[in-house]
Amino acid sequence: MPEDRSPPHETSVDAKSSSKHKWRGKLFSTEGIFGKSSGDVESTDDDVASFLQSSTTKPRARPQPAPRIDTAAAPRYSASAEDVEPTSVVDVYRAPKPRQYKGLRVAFVTAAPEIIGEGGDEAELPSREVSKFLGITGQPGQNQAVGLHSSIDDDQPRRGRDPSPLPSDDSAFEPKLLQRAPTGLSEIFDDKQSDNSEEELELRSRSFSASPLSKLKPLPQLPSRDHQNCDTEIGPRLGSPDVSPLTDTESDSDGDSIPQPRGVAYDKRSDHLHVPSSEMLVVNSITPEPSPQSRSIDSGIGPSSYGFPILTRDAHAPPEAPVVRSRVDGEGTSAQLPVPKSKAFSLRQVAKGLGDDSLDDFDARVGRFNNIFRLGVSAQTDLMGVPFVRWIRAACWWFLKGRQGLESEVRSKPDAPSDAHSSPNLKQAYVNLAKSWWIVKEITPNHPEITRFGKASMNSLCAMIKSFGDSMLAELAEVHVHIVANMRALTMSMKRNGKLPPPDLEIQRLDLHVFLEHPILPPEIADLMLNNTVESSGKGKKGISEPFFPTPIGDTQRHFNFGRLFVEVFVPLGGPKQSLRIPCVLSVLRDRGQLGVQAAITNQDGQVNLIISDEADGALSWKSVQWQIQSHEISITIQAGFVPTFKLQVSFMEKDFKTLWGICDYTQRIRKDVSTRRDEDLIFERTLVNFRCDDAKHFPANPIPDCQLRLFERKIALPDKREERTVHNGFRLTVITPSSMKTLSMVNYELGRENPILFGIHRGKDGSRLVLRILPFSVKVSPTFAQPEDIDLFRHLLSGTFTIKEDRHFPSLQLQSLAVIAKSISVPTSQEESRGITTIPWNKLRVVHKGSSSRDHEIIPTGLESVQIFADSDIGTFADRMNLASGELQLGLSLENFNKVKFLRPARSDATWSLADDRVSREILNSICVVLKIMNSSSTVRTYCFRSLQDVHSFQTLVTGFSVLFDGVAGNFTISRRRMVMPVYKKREANSARLQVLRRDKVVQLIAFFEDCSHGACINFALKVTDVFETFEKGEWFCLRIVDAKFPLPKIADDESKDFVCLDMPEYPSEHDDITIGFHNGQGAYIDQDRHPSTIALHSDDDLNRITDVSPPIHLSTTFRYASNPDELRPAADCVDPSPTDAHVYSRETAPNTTRLETILTSLLHAPCLTYSSGLSALHAAYTFLNPSRISIGGGYHGSHGVLGIYRKLTGAKIMPLECGEEELQKGDVIHLETPVNPTGEAFEIRKFADKAHRRGAWLLIDATFGPPGLQDPFLWGADMVMHSGTKYLGGHSDMLCGVLATRNEQWIKGLREERVYLGSVMGSLEGWLGVRSLRTLEVRISRQSSNCEHLVQWMNGLASHERDDVGRLIEKVYHASLQNEDMVWLKKQMPNGFGPVFAFTMKDEAMAKQLPSKLHLFHHATSLGGVETLIEWRAMSDASVDRRLLRISVGLEHWEDLRDDLLQGFKSLLNEL
């Protein structure tokens, strides 16, 4: 089988990707009507050669009509009788050399001129454009040479061509005058083939059919000045015998296709053009009658132009003479245009000349066989009586056969000498090529089916035939052009490699038949062997919808050609072993608009003409083909209608069989990958502007336009007896190059299942581009969408966040953290590997209920996702699809942190993690990959931690459907089983329990989660109206008893879901026992979380009221009596939890007033609190408990640095700056952040430092003294512990000392409480009472003080910015968080209710700062802050580290305008003194 060595059709992108041997491509590459590189094709410029034929050529005697002057082409000089040359042979394939003749002789012709005058309705160009060239046309001394500038037929056969493509420079040569007269020469001798592209042919066809002169040759169009000096790249690639006949066109800077000028060779052996003798014309039986039709020189470049401008050199001009280019104006008059000398001969011309020379040499060596071929065919039939299609079939057959034989010999004997031509196979290959050459040289151009369209080059006739609507004949004419171009390319390669046939080639024992003898098929079989025909094949079997020539030499306008394979087809005759053997050729094709491959099987005479393709109306499909691998055959089932009739056996060579198998297998895999599979839904499909992929193994590196992108959502079926359910199982992304490219490339990636989706978005002028990094390969792909909304839709689909209008959205919830751990102990992945996701800076969580809607396959994912959870962070989004059936929802609650809720999820791949590639760290990325793999392989516990209890309850309601009626902590939970014989109870007791009462519709459930209970972790059961409830007090406990409650026992320890309860399908209530629940107060703990801070400050301690006093009394006692009932006495060793809030023993442990203060603070700070004697004692207690080895701290309060100095002296801890490198932190270290900071009141972003600490396993301690409750909540932004100097705003009256530590870590609270007993830094009872008094008004005070402060800051900052103002000249700068304009994005979230009541400013000099406080009347010059009165301090009095020009103001409750006026008079007073 001959390998198809045609280079694949390259787009501009493909061309850029190849940089090797660019000079060869520029020298030998072309483009043409078949869409791939080839040799030259025919040029209609070569009509000049016909126009200039010698007048001595005698036409056949016949009546001549009255001649008319051919004003379109005739020169102005007539010829005399004595100038006529003797009869000679004209070889139109030998180009004349350009010479400077003194005059030209022309004869009158009978054809009417095409256009008379300039411009006009029929002209291709307006008169104004035509007139631009009149000056050049009329230049003397140039028109004489126009007739010699005849172009050469590039694709018609040639004989005796001069090997040099360049014109002679012999200035002494004097050519004789020529005369033109009708010679009757066939079109086969007219060098008029045009090297034009497919687009130009189509344009010609349209312009031709639209013109009134459509029956004549189309009018030429003037070349533009911009195209006169353009070089081009033409010619076949060296060494490639199969090159597509692309037209000789090039693109200028504007992308226009322009023709390439070529030189004219002149025969040195005879100083004249060769004209055939009359004797030779008589012998040539195929020569048609001469035509009187005149010809015009087609050298325009427009839609109606078929030729090219002619580039030549004046033979008598000096070396410096400019090169001229021939052109034809609107009237067909020849003229010469000046062209720069450097553009006289291009590499393309040289390459074309080489190809013509090699074709001439081949013709000279095998031309002696032509008469043998002619006689062989004439003995059987009339040459012109054979249909044109059969001649083309034969030409293709013998060209392919000859080229295959030649290639086989060269490959089998690569080391054979170049002059070795003795092989019979090689000789037969030469003869086969000679057959093809004879057909396209002498037969097809003169066939009546072609000549009836007039006298023109075959390439021009293609457009003309198309304009008449005969597309099949036009296609055959194009095949002729293709064969000629490939013959040129092949012979040039043969000549370069020394493989041309020898001059004395012997033909003994060689096959010289032109037409093969095929057996005659029975009529019932013959009809079924054709489906590539415009007519019905008979017996109800239809042909294909658009028939085509089945054996193209290369790529065509319709198909890509991947190879031709010579096969043997066996047609059964009815007997078991009776069959007819028919040699055929199988062409592997692909329609340019389709992905499926086709196989065209045809023999030489067309009896077999079958097309195998994808399923189509009337055509054979690949389903009818059975592959027989062992015998290298395929079996094709032929059927009439729906009834199988017989099977064809097609036998291959082993190499050819594997080639066909590989092509079909590759195409089938591509079609399979781009199609929707059984477990998938197509959710997105677009044609991209371009697509870039750095996966060089599977896709071109450069951007490819018009690629097809498809996104599939994969599904997996779940075993469910009640209903058929499918759940999300990731995505599949496919991108395939357009079918208009010969080489199909595709990428196919699975996304979102075991790896996150990493994306980036770039929007530019050329469209929006999405950059995806595919894990685990780290391949980057970049699709560019035409519409901006497409990229958003694609991103939402891929990230799992796409919603429709029928979906129900709910308000966002503030998410603090998210954790996913494996529940199964069989999973080897440790929790530490997935710990990185806990450091992700989460922002919010959204819950969406999927609505019912008609499903559009393009944009709506299918499935049963009724609830979707979208968790948004700074680096991306986590999409969790709650694909849960009845009984699968498992809920868990935390006793340590009320803001946490847990779900037990089965092993599924229903989550998608999409991340911003440029924001995610490698540690977090690796952790997410581990988490996704855990989700797919094991049951997981997904813990959502929110920033408030209200968000927890909302989240529970949205996911479970149960609303929360009660949420609290019971100090005791007891299950009492009453024995039957004696009234004795067997107790199952838990010291602490988290309780919730839930309701959905009419169903009310009680769920309880126990701490350290040996009998189980949790239970849930339904409460009914028939249940009996009893309340009683036992000592200081408030108790509730459910008499004979019906409930299930807690789950056993081996159960995976023992820590979770199922709400929609609770366990069967097998137990009937009493349940007693004991509370420390009458309402339960944390029940006030949803109330306003003002209400909380006034009523959160109501449960501690034991007397009728509205104002809590002061308890001065330091010790308290034990219980009088011995049964209620518990030794200290047996106490697991602290005593109740009103069971005090010693005031160094607890006291009534400090306990009440801590109760209120716990509600306000949203975390358990402990109070200390001062803020610094609280800070010392924190460092003593945490015991860090390294502390990162900024400037801030100088007292904090004093405490750290003592701590460092005791422990040797390292003190580091606040902005230290993250790598300097280690596990257990502390970042001490004061925000807003003392003394300036400026703020820092808590989230930033929380992430920094948590990524290294460190802790974040926040000193929030300047940001009291109501202004900021550090726990919302990741703080681990919060410290307040209660002396300031919590006290608020400058009359108490207090320190507060708050943390949501229950173990830390227990440890801090125990250590406080021995540190002794407890508050006194009086300070505790004062603290309670102050908290009652906290919200009102802070709101007013912060508002006053902002007004003063804005006023003073305005003064400082206007130095022309007298007061403004005193102020250097004002400091406050409200002035941090560049930080307002995060600052307004962190401090939504105000930026703090403290600010600072610097004066111009120290003296001013020292004197200003004494000038004020409403400001107390004193240290400290937070009181109801306004304080000002020259900060140098208490802090030696600050700027001595700095003044700090703590704004009180006075009206801000009064404070403003007081400051203004103080400034003025200071000015007066200065």
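To be clear, the structure that these remarks concern was listed above.
From a predicted model like this one, the values you see are computed outputs, not experimental measurements. Every chain is numbered independently, its residues counted from 1 as its sequence is written. Side-chain atom pairs in this predicted model are given and counted only at pLDDT of 80 or more, local residue features only at pLDDT of at least 70, and totals for whole chains, interfaces and linings cover all residues. Just so you know, side-chain values use all the structure's heavy atoms and leave hydrogens and water out.

## Side note on helix α23 (residues 1198-1211)
Item 1. Secondary structure elements are taken from DSSP: a helix is a run of H or I of four residues or more, a strand is a run of E of two residues or more, and numbering for both begins at the N terminus. Expected helix span is computed as 1.5 Å times (number of residues minus one). Look at α23: 20 Å from first C-alpha to last across 14 residues, which is about the 20 Å you get at 1.5 Å a residue.
Item 2. Along α23, the positions that sit buried rather than exposed are Gly1199, Ser1200, Val1203, Leu1204 and Tyr1207. Buried residues of α23 fall within an arc of 140° about the axis and therefore sit on the same side.
Item 3. In this description, contact between two residues means that some pair of their heavy atoms is separated by no more than 4.5 Å. Tucked inside the fold, the buried residues of α23 contact α22 (1175-1186), β45 (1190-1193), β46 (1214-1217), β47 (1230-1234) and β48 (1259-1263).
Item 4. In the stretch just after α23, Gly1212 is the one whose phi turns positive, near 75°. Remark: exposure states derive from per-residue accessible area (1.4 Å probe, protein chains only) relative to the maximum for the residue type, with buried under 20%, exposed over 50%, and partly exposed in between. Working definition: the arc comes from the directions between the helix axis and the C-beta atoms, pointing outward to the latter.

## Some details on the packing of aromatic side chains
Item 1. Whether two aromatic rings pair depends on their centres lying within 6.5 Å, for rings of Phe, Tyr and Trp, where Trp uses its six-membered ring; planes under 30 degrees apart make the pair stacked, over 60 edge-to-face, and the rest tilted. Tallied over the full model, the rule gives 28 aromatic pairs.
Item 2. Ring centres 4.5 Å apart and planes at 50° place the aromatic pair Phe878 and Trp913 in the tilted group. One end of the pair, Phe878, is in strand β29 (residues 876-882); the other, Trp913, is in strand β32 (residues 911-916), with 35 residues separating them in the sequence.
Item 3. Seen from their ring centres, Phe946 and Phe955 are 5.0 Å apart, and the 45° between their planes marks the pair as tilted.

## Some words on the sheet that holds strand β55 (residues 1446-1450)
Item 1. When DSSP finds two or more bridges between a pair of strands, those strands are recorded as paired. Pairing in this open sheet of 5 strands is mixed, and the strands run β51-β52-β55-β54-β53 from one edge to the other. Strand pairing shows two members of the sheet lacking a second neighbour, β51 (1371-1375) and β53 (1420-1421), which therefore form its edges.
Item 2. Relative to β55, strand β54 (residues 1431-1434) runs antiparallel, the two sharing 4 bridges. Across the sheet, Ile1432 pairs through a bridge with Ile1449, a residue of β55.

## A few points about the environment of Lys844
Item 1. Within the secondary structure layout, Lys844 lies in strand β27 (residues 842-849).
Item 2. On the accessibility criterion, Lys844 (34% relative accessible area) is partly exposed.
Item 3. C-alpha of Lys844 to C-alpha of Ala871: the two residues are 27 residues apart in sequence and 6.1 Å apart in space.

## Brief notes about the side chain of Ser1177
Item 1. Locating Ser1177 in the fold gives a position in helix α22.
Item 2. Not counting the four nearest positions on each side in its chain, Ser1177 is found in contact with Tyr1172 and Ser1321.

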